[in-house]
Amino acid sequence: MSAALALPELNETTVQPQAARFTLNEAILYGIAALLLFCPLAFGAVEPWAVFTLQAASAILFIVWLVGQMRAPQITVLWTPIFPPMLAFLALICIQLLPGISAYRHATYSGLLLYLAYGLACFLITQTLTRTTHVRRLATALVIYGTWMSLFAVLQSLSSTTKLYWLRTPRFGGWIYGPYVNHNHYAGLMEMLAPVPLVFAFSRYARGRERWAAASAAAFMGATIFLSGSRGGMVAFALQVAVFLWFLFRERTGSRGAFLMATFLVISLASIAWIGGSEVTARLSTISTNKHSEIANDIRLKINRDTLHMFARRPILGWGLGTFETIYPQFRSFYTNFLVDKAHNDYAQLLAETGLLGFALMIWFLVSAMRPAVPKIHNWPSDINGAVALVALIGISGILVHSFVDFNLEIPANALLFYILCAVAAMDPRFRNPRRDRKSKDRPAPDDLFV
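Residues numbered from 1 in each chain as written. Predicted model: local features only at pLDDT ≥ 70, side-chain atom pairs only at ≥ 80, totals over all residues. Heavy atoms only, no water.

K.L.:
Please clarify how the pattern of salt bridges should be interpreted in this entry.
P.N.:
Pairs can form between side chains of opposite charge once their charged atoms are near each other. Under the defined criterion, the tally for this structure stands at five salt bridges. The closest approach of N and O atoms between arginine 305 and aspartate 306, which form a salt bridge, is 4.0 Å. Lysine 342 is the salt-bridge partner of glutamate 410, the closest N and O atoms lying 3.6 Å from each other. Taken as a pair, glutamate 410 in the loop between α15 (384-402) and α16 (412-426) and lysine 342 in the loop between α12 (324-327) and α13 (346-370) lie far apart in primary sequence, 68 residues in all. Glutamate 410 gets classed as partly exposed once you look at its relative accessible area, which sits at 26%. (Salt bridge = Lys/Arg side-chain N within 4 Å of Asp/Glu carboxyl O. Helix = DSSP H or I, 4+ residues; strand = E, 2+ residues; numbered from the N terminus. Buried < 20%, exposed > 50% of the residue type's maximum accessible area, 1.4 Å probe, protein only.)

K.L.:
Is there a simple way to think about the nonpolar core in this case?
P.N.:
What tends to happen in soluble globular proteins is that the nonpolar side chains get buried as a cluster. Core analysis: the largest hydrophobic core is formed by 108 residues, its most contacted members being Leu129, Phe244, Trp380 and Phe418. Examining the composition of this core, we find that 13 residues originate from one element, α16, more than from any other. Contact partners of tryptophan 380, with chain neighbours within four places excluded, come to Val199, Phe202, Ser203, Phe244, Phe247, Leu248, Glu251, Gly386, Ala387 and Leu390. (Core = buried A, V, L, I, M, F, W, Y, C linked by side-chain atoms within 4.5 Å. Contact = heavy atoms within 4.5 Å.)

K.L.:
So what exactly am I meant to see when it comes to unusual backbone geometry here?
P.N.:
The bulk of non-glycine residues show a negative phi, and the bulk of peptide bonds are trans. One non-glycine residue, tyrosine 165, adopts positive backbone phi at about 55°. Among the secondary structure elements, tyrosine 165 is positioned in the loop between α5 (132-158) and α6 (183-193). At tryptophan 166, a position not held by glycine, the phi torsion is positive, near 60°. For tryptophan 166, the location among the structural elements is in the loop between α5 and α6. Residue classification places tryptophan 166 among the partly exposed positions, given a relative accessible area of 41%.

What follows is the structure, given as C-alpha coordinates:
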(Lines give C-alpha, C1' and ligand atoms only; values in the text may rest on other atoms or scores of the structure.)
Protein backbone atom coordinates (compact mmCIF):
# COMPACT_ATOMS: atom_id res chain seq x y z
CA MET A 1 0.00 0.00 0.00
CA SER A 2 1.28 3.43 -0.87
CA ALA A 3 0.24 6.43 1.14
CA ALA A 4 1.18 10.10 1.22
CA LEU A 5 1.32 11.91 4.52
CA ALA A 6 0.23 15.11 2.83
CA LEU A 7 -0.43 16.09 -0.76
CA PRO A 8 -0.25 19.83 -1.51
CA GLU A 9 -2.92 21.39 -3.70
CA LEU A 10 -1.74 22.98 -6.91
CA ASN A 11 -2.69 26.65 -7.14
CA GLU A 12 -1.12 29.91 -8.18
CA THR A 13 0.90 30.20 -4.96
CA THR A 14 2.25 26.65 -4.93
CA VAL A 15 2.98 25.87 -8.58
CA GLN A 16 6.48 27.32 -8.53
CA PRO A 17 7.66 25.57 -5.33
CA GLN A 18 6.08 22.34 -6.58
CA ALA A 19 7.97 22.55 -9.89
CA ALA A 20 11.22 23.27 -8.07
CA ARG A 21 10.67 20.27 -5.80
CA PHE A 22 10.11 17.95 -8.75
CA THR A 23 13.37 19.18 -10.28
CA LEU A 24 15.12 18.47 -6.99
CA ASN A 25 13.53 15.02 -6.83
CA GLU A 26 14.86 14.24 -10.28
CA ALA A 27 18.36 15.29 -9.22
CA ILE A 28 18.11 12.96 -6.23
CA LEU A 29 16.81 10.13 -8.43
CA TYR A 30 19.67 10.46 -10.87
CA GLY A 31 22.08 10.69 -7.95
CA ILE A 32 20.86 7.29 -6.75
CA ALA A 33 21.19 5.98 -10.30
CA ALA A 34 24.77 7.27 -10.50
CA LEU A 35 25.52 5.49 -7.22
CA LEU A 36 24.12 2.25 -8.64
CA LEU A 37 26.40 2.56 -11.66
CA PHE A 38 29.45 3.58 -9.63
CA CYS A 39 29.48 0.76 -7.09
CA PRO A 40 30.10 -2.19 -9.47
CA LEU A 41 32.88 -0.25 -11.20
CA ALA A 42 34.55 0.29 -7.80
CA PHE A 43 35.33 -3.45 -7.55
CA GLY A 44 31.83 -4.07 -6.17
CA ALA A 45 32.26 -1.36 -3.51
CA VAL A 46 33.97 -3.80 -1.13
CA GLU A 47 36.91 -1.59 -0.20
CA PRO A 48 36.69 1.00 2.62
CA TRP A 49 36.88 4.03 0.32
CA ALA A 50 34.06 2.71 -1.86
CA VAL A 51 31.91 1.78 1.14
CA PHE A 52 32.41 5.29 2.53
CA THR A 53 31.43 6.79 -0.83
CA LEU A 54 28.23 4.72 -0.85
CA GLN A 55 27.34 5.69 2.71
CA ALA A 56 28.23 9.36 2.35
CA ALA A 57 26.45 9.77 -1.00
CA SER A 58 23.24 8.17 0.26
CA ALA A 59 23.31 10.35 3.39
CA ILE A 60 23.91 13.53 1.39
CA LEU A 61 21.09 12.71 -1.02
CA PHE A 62 18.76 12.08 1.92
CA ILE A 63 19.71 15.43 3.48
CA VAL A 64 19.03 17.14 0.16
CA TRP A 65 15.60 15.47 0.04
CA LEU A 66 14.90 16.62 3.62
CA VAL A 67 15.84 20.20 2.77
CA GLY A 68 13.53 20.10 -0.25
CA GLN A 69 10.67 18.80 1.90
CA MET A 70 11.22 21.48 4.52
CA ARG A 71 11.04 24.19 1.85
CA ALA A 72 7.87 22.71 0.33
CA PRO A 73 4.41 23.86 1.51
CA GLN A 74 3.69 20.38 2.91
CA ILE A 75 5.77 17.27 3.61
CA THR A 76 5.02 14.37 1.27
CA VAL A 77 6.21 10.84 2.07
CA LEU A 78 5.27 7.80 -0.03
CA TRP A 79 5.03 4.54 1.89
CA THR A 80 5.60 0.96 0.70
CA PRO A 81 5.18 -2.42 2.42
CA ILE A 82 8.94 -3.05 2.68
CA PHE A 83 9.51 -0.19 5.11
CA PRO A 84 8.12 -1.96 8.24
CA PRO A 85 10.38 -5.06 7.92
CA MET A 86 13.38 -2.87 7.10
CA LEU A 87 12.73 -0.75 10.19
CA ALA A 88 12.28 -3.90 12.28
CA PHE A 89 15.61 -5.26 11.03
CA LEU A 90 17.22 -1.92 11.88
CA ALA A 91 15.85 -2.24 15.41
CA LEU A 92 17.31 -5.76 15.64
CA ILE A 93 20.77 -4.47 14.70
CA CYS A 94 20.47 -1.75 17.34
CA ILE A 95 19.61 -4.42 19.92
CA GLN A 96 22.70 -6.37 18.87
CA LEU A 97 24.80 -3.30 19.68
CA LEU A 98 23.76 -3.51 23.32
CA PRO A 99 26.56 -4.77 25.61
CA GLY A 100 27.08 -8.52 25.56
CA ILE A 101 25.06 -9.35 22.44
CA SER A 102 27.30 -8.77 19.42
CA ALA A 103 30.54 -10.71 19.47
CA TYR A 104 32.29 -7.75 17.81
CA ARG A 105 30.44 -4.46 18.18
CA HIS A 106 32.63 -2.56 15.72
CA ALA A 107 31.79 -5.02 12.92
CA THR A 108 28.10 -4.82 13.79
CA TYR A 109 28.24 -1.03 13.84
CA SER A 110 29.89 -1.04 10.41
CA GLY A 111 27.14 -3.35 9.18
CA LEU A 112 24.56 -0.97 10.61
CA LEU A 113 26.00 1.97 8.66
CA LEU A 114 25.99 -0.04 5.43
CA TYR A 115 22.42 -1.20 6.04
CA LEU A 116 21.37 2.41 6.64
CA ALA A 117 22.83 3.31 3.23
CA TYR A 118 20.71 0.58 1.60
CA GLY A 119 17.65 1.76 3.49
CA LEU A 120 18.14 5.39 2.50
CA ALA A 121 18.53 4.38 -1.15
CA CYS A 122 15.28 2.37 -1.00
CA PHE A 123 13.49 5.27 0.66
CA LEU A 124 14.73 7.83 -1.86
CA ILE A 125 13.96 5.70 -4.92
CA THR A 126 10.43 5.28 -3.59
CA GLN A 127 10.01 9.04 -3.17
CA THR A 128 11.54 10.12 -6.49
CA LEU A 129 10.77 7.42 -9.09
CA THR A 130 7.32 8.72 -9.96
CA ARG A 131 7.22 9.35 -13.72
CA THR A 132 7.21 7.21 -16.82
CA THR A 133 10.03 9.31 -18.27
CA HIS A 134 12.12 8.39 -15.22
CA VAL A 135 11.58 4.70 -15.94
CA ARG A 136 12.56 5.02 -19.60
CA ARG A 137 15.71 7.01 -18.85
CA LEU A 138 16.87 4.70 -16.09
CA ALA A 139 16.11 1.60 -18.15
CA THR A 140 18.06 3.00 -21.11
CA ALA A 141 21.01 3.82 -18.85
CA LEU A 142 20.99 0.34 -17.30
CA VAL A 143 20.85 -1.37 -20.70
CA ILE A 144 23.76 0.65 -22.07
CA TYR A 145 25.69 0.19 -18.84
CA GLY A 146 25.10 -3.56 -18.72
CA THR A 147 26.04 -4.03 -22.37
CA TRP A 148 29.31 -2.15 -22.05
CA MET A 149 30.06 -3.91 -18.75
CA SER A 150 29.57 -7.27 -20.50
CA LEU A 151 31.78 -6.27 -23.41
CA PHE A 152 34.51 -5.10 -21.04
CA ALA A 153 34.28 -8.33 -19.04
CA VAL A 154 34.67 -10.47 -22.18
CA LEU A 155 37.60 -8.45 -23.49
CA GLN A 156 39.35 -8.60 -20.13
CA SER A 157 38.75 -12.35 -19.94
CA LEU A 158 40.06 -12.95 -23.47
CA SER A 159 43.27 -11.12 -22.63
CA SER A 160 43.89 -13.67 -19.84
CA THR A 161 44.69 -10.90 -17.43
CA THR A 162 45.09 -11.46 -13.71
CA LYS A 163 44.61 -7.77 -13.01
CA LEU A 164 41.49 -5.70 -12.52
CA TYR A 165 41.20 -3.17 -15.34
CA TRP A 166 44.56 -4.57 -16.54
CA LEU A 167 46.20 -2.52 -13.76
CA ARG A 168 45.58 -3.89 -10.29
CA THR A 169 46.39 -7.34 -8.90
CA PRO A 170 43.98 -8.54 -6.17
CA ARG A 171 45.72 -8.96 -2.84
CA PHE A 172 44.13 -12.35 -2.05
CA GLY A 173 43.83 -13.65 -5.60
CA GLY A 174 40.50 -14.59 -7.09
CA TRP A 175 38.70 -15.42 -10.32
CA ILE A 176 38.49 -12.01 -11.97
CA TYR A 177 35.61 -11.25 -14.29
CA GLY A 178 34.69 -7.71 -15.20
CA PRO A 179 35.37 -5.30 -12.32
CA TYR A 180 34.86 -8.04 -9.71
CA VAL A 181 37.50 -10.17 -8.03
CA ASN A 182 34.96 -13.00 -7.80
CA HIS A 183 33.30 -14.11 -11.04
CA ASN A 184 30.19 -15.20 -9.11
CA HIS A 185 29.53 -11.60 -8.13
CA TYR A 186 29.76 -10.46 -11.74
CA ALA A 187 27.17 -13.13 -12.56
CA GLY A 188 24.98 -11.81 -9.75
CA LEU A 189 25.11 -8.30 -11.17
CA MET A 190 24.11 -9.53 -14.64
CA GLU A 191 21.25 -11.54 -13.17
CA MET A 192 19.74 -8.23 -12.04
CA LEU A 193 20.62 -6.18 -15.15
CA ALA A 194 19.73 -8.62 -17.95
CA PRO A 195 15.96 -8.64 -17.19
CA VAL A 196 15.77 -4.92 -18.10
CA PRO A 197 16.41 -5.31 -21.87
CA LEU A 198 14.81 -8.78 -21.88
CA VAL A 199 11.41 -7.56 -20.67
CA PHE A 200 11.57 -4.40 -22.77
CA ALA A 201 12.28 -6.39 -25.94
CA PHE A 202 9.08 -8.39 -25.52
CA SER A 203 6.88 -5.49 -24.48
CA ARG A 204 4.72 -3.44 -26.82
CA TYR A 205 6.79 -0.35 -26.10
CA ALA A 206 9.69 -1.67 -28.19
CA ARG A 207 9.44 -1.14 -31.93
CA GLY A 208 11.60 -2.20 -34.86
CA ARG A 209 15.30 -1.82 -34.20
CA GLU A 210 14.69 -1.02 -30.53
CA ARG A 211 13.24 -4.50 -30.01
CA TRP A 212 16.12 -6.31 -31.68
CA ALA A 213 18.75 -4.16 -29.99
CA ALA A 214 17.24 -4.87 -26.58
CA ALA A 215 16.96 -8.61 -27.27
CA SER A 216 20.58 -8.72 -28.44
CA ALA A 217 21.73 -6.83 -25.34
CA ALA A 218 19.85 -9.22 -23.05
CA ALA A 219 21.26 -12.22 -24.92
CA PHE A 220 24.83 -10.97 -24.68
CA MET A 221 24.52 -10.05 -21.00
CA GLY A 222 23.06 -13.48 -20.25
CA ALA A 223 25.78 -15.20 -22.26
CA THR A 224 28.50 -13.56 -20.18
CA ILE A 225 27.00 -15.19 -17.06
CA PHE A 226 27.91 -18.55 -18.63
CA LEU A 227 31.25 -17.27 -19.90
CA SER A 228 32.13 -16.08 -16.39
CA GLY A 229 32.15 -19.72 -15.26
CA SER A 230 29.74 -19.16 -12.37
CA ARG A 231 27.72 -22.34 -11.98
CA GLY A 232 25.40 -20.66 -9.47
CA GLY A 233 24.90 -17.85 -11.98
CA MET A 234 24.13 -20.32 -14.77
CA VAL A 235 21.45 -22.07 -12.71
CA ALA A 236 19.98 -18.77 -11.50
CA PHE A 237 19.81 -17.31 -15.01
CA ALA A 238 18.26 -20.50 -16.39
CA LEU A 239 15.55 -20.18 -13.74
CA GLN A 240 15.06 -16.51 -14.63
CA VAL A 241 14.55 -17.41 -18.29
CA ALA A 242 12.07 -20.11 -17.27
CA VAL A 243 10.13 -17.63 -15.13
CA PHE A 244 10.10 -15.12 -17.95
CA LEU A 245 8.93 -17.76 -20.45
CA TRP A 246 6.01 -18.59 -18.17
CA PHE A 247 4.91 -14.96 -17.99
CA LEU A 248 5.56 -14.47 -21.72
CA PHE A 249 3.40 -17.32 -22.94
CA ARG A 250 0.76 -16.60 -20.32
CA GLU A 251 0.24 -13.21 -21.96
CA ARG A 252 1.34 -13.87 -25.54
CA THR A 253 1.12 -17.23 -27.24
CA GLY A 254 1.52 -15.96 -30.81
CA SER A 255 4.26 -17.03 -33.17
CA ARG A 256 5.91 -13.61 -33.11
CA GLY A 257 6.77 -13.84 -29.42
CA ALA A 258 7.99 -17.42 -29.79
CA PHE A 259 10.17 -16.45 -32.75
CA LEU A 260 11.75 -13.59 -30.85
CA MET A 261 12.48 -15.83 -27.86
CA ALA A 262 14.04 -18.43 -30.15
CA THR A 263 16.22 -15.72 -31.66
CA PHE A 264 17.24 -14.60 -28.17
CA LEU A 265 18.29 -18.12 -27.21
CA VAL A 266 20.16 -18.65 -30.49
CA ILE A 267 22.14 -15.43 -30.01
CA SER A 268 23.00 -16.45 -26.45
CA LEU A 269 24.16 -19.92 -27.42
CA ALA A 270 26.08 -18.58 -30.43
CA SER A 271 27.88 -16.07 -28.25
CA ILE A 272 28.86 -18.79 -25.77
CA ALA A 273 30.02 -21.17 -28.48
CA TRP A 274 31.97 -18.50 -30.35
CA ILE A 275 33.80 -17.04 -27.36
CA GLY A 276 34.36 -19.96 -25.05
CA GLY A 277 32.05 -22.92 -25.44
CA SER A 278 34.65 -25.52 -24.45
CA GLU A 279 35.41 -23.76 -21.16
CA VAL A 280 31.71 -23.51 -20.29
CA THR A 281 31.21 -27.23 -21.02
CA ALA A 282 34.18 -28.15 -18.85
CA ARG A 283 32.91 -25.92 -16.08
CA LEU A 284 29.47 -27.55 -16.14
CA SER A 285 30.90 -31.09 -16.16
CA THR A 286 32.97 -30.82 -12.97
CA ILE A 287 32.52 -29.66 -9.41
CA SER A 288 36.24 -29.36 -8.78
CA THR A 289 38.23 -26.17 -9.08
CA ASN A 290 40.41 -25.36 -12.06
CA LYS A 291 43.35 -23.07 -12.67
CA HIS A 292 41.51 -20.14 -11.13
CA SER A 293 41.74 -19.37 -7.44
CA GLU A 294 38.43 -20.48 -5.95
CA ILE A 295 37.14 -22.44 -2.97
CA ALA A 296 36.08 -25.96 -3.98
CA ASN A 297 32.49 -27.13 -3.60
CA ASP A 298 33.30 -29.69 -0.91
CA ILE A 299 34.92 -26.90 1.13
CA ARG A 300 31.81 -24.76 0.65
CA LEU A 301 29.66 -27.55 2.05
CA LYS A 302 31.92 -27.74 5.10
CA ILE A 303 31.70 -23.96 5.54
CA ASN A 304 27.91 -24.19 5.44
CA ARG A 305 27.92 -26.99 8.01
CA ASP A 306 30.20 -25.01 10.31
CA THR A 307 28.02 -21.92 9.86
CA LEU A 308 24.97 -23.88 10.99
CA HIS A 309 26.95 -24.91 14.08
CA MET A 310 27.51 -21.19 14.70
CA PHE A 311 23.79 -20.60 14.42
CA ALA A 312 23.00 -23.45 16.82
CA ARG A 313 25.17 -21.81 19.48
CA ARG A 314 23.20 -18.52 19.32
CA PRO A 315 19.88 -19.29 17.60
CA ILE A 316 17.78 -16.27 18.62
CA LEU A 317 19.78 -13.06 18.07
CA GLY A 318 22.86 -14.51 16.38
CA TRP A 319 26.46 -13.42 16.83
CA GLY A 320 25.95 -9.92 15.46
CA LEU A 321 25.69 -8.49 11.97
CA GLY A 322 29.07 -8.52 10.20
CA THR A 323 30.81 -10.76 12.74
CA PHE A 324 31.14 -13.90 10.59
CA GLU A 325 34.78 -13.29 9.65
CA THR A 326 35.72 -12.82 13.31
CA ILE A 327 33.79 -15.73 14.84
CA TYR A 328 34.02 -18.38 12.11
CA PRO A 329 37.62 -19.51 12.86
CA GLN A 330 36.36 -20.87 16.21
CA PHE A 331 34.03 -23.25 14.34
CA ARG A 332 36.10 -24.11 11.26
CA SER A 333 36.47 -27.89 10.94
CA PHE A 334 39.02 -28.11 8.12
CA TYR A 335 42.31 -26.65 6.91
CA THR A 336 42.57 -24.35 3.89
CA ASN A 337 44.90 -21.70 2.52
CA PHE A 338 41.92 -19.59 1.46
CA LEU A 339 40.61 -16.68 3.50
CA VAL A 340 37.13 -17.67 4.66
CA ASP A 341 35.39 -14.41 5.49
CA LYS A 342 31.93 -15.27 4.11
CA ALA A 343 29.69 -18.30 4.38
CA HIS A 344 29.19 -18.77 0.60
CA ASN A 345 25.50 -19.03 1.45
CA ASP A 346 23.65 -15.80 2.23
CA TYR A 347 20.90 -17.60 4.11
CA ALA A 348 23.25 -19.54 6.38
CA GLN A 349 25.28 -16.41 7.14
CA LEU A 350 22.14 -14.43 7.94
CA LEU A 351 21.08 -17.15 10.38
CA ALA A 352 24.48 -17.15 12.06
CA GLU A 353 24.73 -13.38 12.36
CA THR A 354 21.12 -12.40 13.16
CA GLY A 355 19.51 -15.62 14.37
CA LEU A 356 15.93 -16.71 13.86
CA LEU A 357 14.67 -13.17 14.41
CA GLY A 358 16.76 -11.79 11.57
CA PHE A 359 15.82 -14.68 9.28
CA ALA A 360 12.11 -14.17 10.00
CA LEU A 361 12.45 -10.46 9.21
CA MET A 362 14.14 -11.37 5.93
CA ILE A 363 11.17 -13.58 5.00
CA TRP A 364 8.79 -10.76 5.93
CA PHE A 365 10.79 -8.34 3.78
CA LEU A 366 10.79 -10.63 0.73
CA VAL A 367 7.07 -11.33 0.99
CA SER A 368 6.37 -7.60 1.38
CA ALA A 369 8.43 -6.87 -1.74
CA MET A 370 7.19 -9.64 -4.01
CA ARG A 371 3.51 -9.91 -3.08
CA PRO A 372 2.56 -6.43 -4.44
CA ALA A 373 4.49 -7.13 -7.65
CA VAL A 374 2.53 -10.22 -8.72
CA PRO A 375 -0.86 -8.52 -9.36
CA LYS A 376 0.82 -5.76 -11.38
CA ILE A 377 2.38 -8.23 -13.81
CA HIS A 378 -0.97 -9.01 -15.42
CA ASN A 379 -0.92 -7.66 -18.97
CA TRP A 380 2.72 -6.59 -18.54
CA PRO A 381 3.46 -6.32 -22.29
CA SER A 382 1.21 -3.25 -22.55
CA ASP A 383 1.30 -1.95 -18.96
CA ILE A 384 4.50 -0.21 -17.91
CA ASN A 385 3.76 -0.87 -14.22
CA GLY A 386 3.59 -4.57 -14.97
CA ALA A 387 6.78 -4.49 -17.04
CA VAL A 388 8.67 -2.72 -14.25
CA ALA A 389 7.35 -5.21 -11.69
CA LEU A 390 8.34 -8.15 -13.89
CA VAL A 391 11.88 -6.82 -14.29
CA ALA A 392 12.19 -6.47 -10.52
CA LEU A 393 10.67 -9.89 -9.83
CA ILE A 394 12.96 -11.70 -12.27
CA GLY A 395 16.04 -9.92 -10.93
CA ILE A 396 15.10 -10.70 -7.32
CA SER A 397 14.38 -14.36 -8.07
CA GLY A 398 17.77 -14.82 -9.72
CA ILE A 399 19.70 -13.47 -6.75
CA LEU A 400 17.60 -15.46 -4.28
CA VAL A 401 18.50 -18.69 -6.08
CA HIS A 402 22.16 -17.74 -6.46
CA SER A 403 22.35 -16.88 -2.73
CA PHE A 404 22.16 -20.57 -1.85
CA VAL A 405 25.69 -21.10 -3.15
CA ASP A 406 27.34 -17.65 -3.03
CA PHE A 407 27.37 -14.40 -1.07
CA ASN A 408 26.21 -11.80 -3.56
CA LEU A 409 24.25 -9.95 -0.89
CA GLU A 410 27.47 -9.40 1.07
CA ILE A 411 28.83 -7.36 -1.84
CA PRO A 412 27.62 -3.75 -1.42
CA ALA A 413 27.20 -3.07 -5.15
CA ASN A 414 25.00 -6.13 -5.66
CA ALA A 415 23.15 -5.72 -2.38
CA LEU A 416 22.32 -2.10 -3.22
CA LEU A 417 20.83 -3.05 -6.59
CA PHE A 418 18.92 -5.92 -4.95
CA TYR A 419 17.36 -3.60 -2.38
CA ILE A 420 16.45 -1.11 -5.10
CA LEU A 421 14.71 -3.86 -7.08
CA CYS A 422 12.77 -4.85 -3.96
CA ALA A 423 11.70 -1.24 -3.43
CA VAL A 424 10.55 -0.97 -7.06
CA ALA A 425 8.68 -4.27 -6.86
CA ALA A 426 6.78 -3.11 -3.76
CA MET A 427 5.61 0.19 -5.29
CA ASP A 428 1.94 0.68 -6.02
CA PRO A 429 1.12 1.32 -9.72
CA ARG A 430 2.21 4.89 -10.37
CA PHE A 431 3.33 5.09 -14.02
CA ARG A 432 1.14 5.98 -16.98
CA ASN A 433 1.27 4.14 -20.25
CA PRO A 434 2.37 6.84 -22.71
CA ARG A 435 0.98 5.28 -25.88
CA ARG A 436 -2.39 4.79 -24.26
CA ASP A 437 -2.42 8.37 -23.01
CA ARG A 438 -1.88 9.74 -26.52
CA LYS A 439 -5.22 8.23 -27.54
CA SER A 440 -7.02 10.31 -24.92
CA LYS A 441 -5.55 13.78 -25.28
CA ASP A 442 -8.73 15.33 -24.00
CA ARG A 443 -7.99 13.95 -20.53
CA PRO A 444 -5.82 16.32 -18.46
CA ALA A 445 -2.55 14.88 -17.15
CA PRO A 446 -1.21 15.96 -13.74
CA ASP A 447 2.39 16.98 -13.13
CA ASP A 448 3.28 13.75 -11.37
CA LEU A 449 2.37 10.37 -12.82
CA PHE A 450 1.62 8.41 -9.68
CA VAL A 451 -1.93 7.87 -8.55
